[in-house]
Amino acid sequence: MCGSAPSRKHRPKSADLGGLHLATASESQGHGWLGDGSDLQTPFAELLSDMYNETLNALAGPEDDLVAWTDLPPATRKRFICSLDSWNFEPHRLGDVEVLQCTMLLFEGLWRIAGMQETVGVSLDQMYPFIRHLRSIYRLENSYHNFQHALDVLQASYSFLRSAGIVPPLSILFQPNRMWRTDRIYNSGPPITCLALHDIFIVYIAAIGHDVGHPGFTNNFMKNAQTPLSVVFNNRSALEQMHCALLLRVMRHHGLGPLLERPHARKLLWETIMATDMSVHADFMERFEHMTTGEESPISMRKVLICQAIMKCADISNPSRPYHVSQHWATKLMREWSCQATLEKQLSLPCTVQSSEDALSEASSQIFFNKVFAKPLLELVVRAVPEMQMYATQCTANLHRWERRKAELEKQPCLVLRDYSTENDYMNAEYVSEESDESESVASSTVFSSSGSSDTRGESHAAIRGAAGKALRKQKSIANRNSWSPMTRDGVMATIVVAHPVAMRSKLTSL
């Protein structure tokens, strides 16, 4: 098959686990970010300097292994285009090079819009090194927040915009040199028509880069562990701010900087990605509701709200996907969170993800998330973009299946317990992304606000140092892979995650 995974020659055999040594070293001038004693008083001067330097190193970008994205056999190209044009799209079945090729096909379709290249000032050939660079910064070991998820969100964003008649169907690529123009008049009334060409491009960039450098942990975990990332960003959407900062730097590195200098462009990109933090979900719903009721607002605000809506619906599109697709992502997310749960327990941190022990709890969590988040979001967005009704309908159908499943389980005198040795379900979690429609083996999640912090910092710090040392020794034996694996074989998470803000990912990838 085309696109077998190439060797990652640019990845270090070992590294400082995203600043883990800096975080835990007691001999350093700043005594590490853990502080000295029971209070966290380190001023972070050396940490911030390290972040800055490593971010610059990351921006060198991968130069080896540049496979021409256009070198696709006709049959393979046709298969990818048909797959990308389907709501059954499954990026997790693609090879390492294939995910890049599919990403580029989506941007190639975008370039078929008349005037798009002239508007953004970037050629399609320039996009490939940029996309490839982003892919290399996404963390390989994340079971959910990886580049496949980014491609999934991009394809969902494309699907929503295609349904609304804002971008052409990808099948246009079967017609060489054909260009496309939308029939919809700019800013003609419906909110979706306020998107200009550069706004659409911003949505695509936000989708493919919205989780770049994600450590595989939630904001709540980062906050409770008192990580530099959370402290530097004052516990406010720390991960999302890191994603934005890193994405902007990579964009400038690859010549996309001029686009960010346009009025409102950088702000639009930033606010679109920031909306993916589920802690601001309620605020978004309120603001979007005001827009749908006809409340007067400047076009710049409407652009932000529409881009945020597309992005949010795409980011948690799993509940509206066909069941077999939804099930995959649900399982992957639960596996990622089970790693976090293990570390929270070992470090005596507040529990921000809670495992369910039976199929009934699983069904209940699915129903909760669908009812509280996915379904209301889609139904609200459909009021502004009625062409997205089909996705809301599928989401509702999935919900009804889970309700029937729950009713069946409640009638059973004795529930069959599942084996959660490798993956857990959670009724409570900070970030979510899936639902489904046929079986009991899917897991989902809900927003959970954890405000507690450990009162026994000394013990926690000792535990972190112990886990960090163990993880560091483990990582030194791992060759040619990301240097901050989320979980060691014995279930101990590498506490790198808690150590590196803006350049967290860059430390780990020698790009």
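Structure first, text after, so check above.
Fair warning: this is a prediction, and the values are worked out from it, not measured in the lab. (Residues numbered from 1 in each chain as written. Predicted model: local features only at pLDDT ≥ 70, side-chain atom pairs only at ≥ 80, totals over all residues. Heavy atoms only, no water.)

### Brief notes about the overall build of the protein
Then step 1. Looking only at helices and strands, one finds 20 helices and two strands in the protein.
Then step 2. Looking at the protein residue by residue over its 511 residues, the buried ones come to 60%.
Then step 3. Across the protein, contacts joining residues at least 24 apart in sequence account for 79% of those joining residues at least 6 apart.
Then step 4. Accessible surface, the protein as shown: approximately 19500 Å² in total, 51% of it carbon and sulfur. (Helix = DSSP H or I, 4+ residues; strand = E, 2+ residues; numbered from the N terminus. Buried < 20%, exposed > 50% of the residue type's maximum accessible area, 1.4 Å probe, protein only. Contact = heavy atoms within 4.5 Å. Areas by Shrake-Rupley, 256 points an atom, 1.4 Å probe, with all protein chains shown as cover.)

### Some words on helix α13 (residues 265–274)
Then step 1. The set of residues buried in α13 consists of A265, L268, L269, T272, I273 and M274.
Then step 2. Those residues of α13 that are buried are in contact with α8 (197–209), α11 (238–253), α12 (257–260) and α15 (299–315).

### Side note on the packing of aromatic side chains
Then step 1. Enumeration according to the criterion identifies twelve aromatic pairs in this entry.
Then step 2. By the ring-pair criterion, three or more aromatic residues cluster together here, those being F107, W111, F201 and Y204.
Then step 3. Across the ring face of W87, the terminal group of R321 is positioned such that the distance to the ring centre comes to 3.8 Å. (Phe/Tyr/Trp six-rings, centres within 6.5 Å; stacked < 30°, edge-to-face > 60°. Lys NZ or Arg CZ within 6 Å of the ring centre and 35° of its normal.)

### Some remarks on helix α6 (residues 124–137)
Then step 1. Counted at 1.5 Å a residue, the expected span for α6 with its 14 residues is 20 Å, and the 21 Å between its end C-alpha atoms agrees.
Then step 2. Within α6, eleven of the 14 residues are buried, which leaves it mostly tucked inside the rest of the structure.
Then step 3. When α6 is considered as a whole, its buried residues turn out to be L124, M127, Y128, F130, I131, R132, H133, L134, R135, S136 and I137. (Expected span 1.5 Å × (residues − 1).)

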